[in-house]
Amino acid sequence: MSRSACLLIGLLLLVAAAAHLTEARALPPTQSYRLLTTYRGSGFFAASNFTFETENDPTNGYVDYVGRDEALSRHLADVDASGNAILRVDTSQIPSNTARGRKSVRITSTTAYNPNTLFVLDLDHMPTGCATWPAFWLVGDDWPINGEIDIIEGVNTQSVVHTTLHTNDGCSWPVKARR
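Residues numbered from 1 in each chain as written. Predicted model: local features only at pLDDT ≥ 70, side-chain atom pairs only at ≥ 80, totals over all residues. Heavy atoms only, no water.

A. Looking closely at the environment of L118. Mapped onto the elements of the fold, L118 is located in strand β9 (residues 117-125). Using a relative accessible area of 38% as the deciding quantity, one classes L118 as partly exposed. Sequence separation between L118 and R34 is 84 residues; the distance between their C-alpha atoms is 9.6 Å. (Helix = DSSP H or I, 4+ residues; strand = E, 2+ residues; numbered from the N terminus. Buried < 20%, exposed > 50% of the residue type's maximum accessible area, 1.4 Å probe, protein only.)

Take a look at the structure:
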């Protein structure tokens, strides 16, 4: 499998959150972050960590998202000998004209994180090329009403990563910036 066809995630996501903070504001200098969750190695794809989405693609892409069991058995979701989690698209079969599309994986964290959460992503490779849409994003409880933060998003043959904030009309930021 070519590196452009898979997503290699090394020590994928270290999540740390500020203790006792519930609103979006800067940390006082006396508070620090503590590690909440680490997703990596053989336990990365545990059912308690991620939901494997199987619905039609919300952007109407030509893709057939598969569930956890099928993703693991087809090695579309895998962990290599170095402990890197790998997400890949199926390149072994050509989908029929009536299929939803090429088999692939879309995962969502089973954990909801509070504001002031720091996410650290150690990513070895992101796929590029026609029909790829690798992304790492955050959404609120009521998407798209609560907006979306695209931390990493790349589409097709783009050579740059896009970071985007999506909101509804009339959205405002309630917290004043510290100077």
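That shown, we press on.
B. Expanded view of the nonpolar core. Within the largest apolar cluster, 12 residues are counted, these being Y39, F44, F45, F50, F52, V66, A71, L76, A77, A85, L87 and V105. Elements represented by at least two residues in this core include exactly β3 (50-52) and β6 (85-88). Dropping the residues within four chain positions of it, F52 is found in contact with F45, V66, G67, R68, A71, A77, V105, R106 and I107. (Core = buried A, V, L, I, M, F, W, Y, C linked by side-chain atoms within 4.5 Å. Contact = heavy atoms within 4.5 Å.)

C. Representation of unusual backbone geometry. In this model, N60 sits at a positive phi of 65°, which is unusual for a non-glycine residue. Summarising the element assignment, N60 is placed in the loop between β3 and β4 (63-65). Given the relative accessible area of 71%, N60 is considered exposed. The backbone phi angle of H75 is positive, close to 60°, even though this residue is not glycine. Turning to its location among the elements, H75 is positioned in the loop between α1 (68-73) and β5 (77-79).

Function cannot be inferred from these measures alone, as they are strictly geometric.
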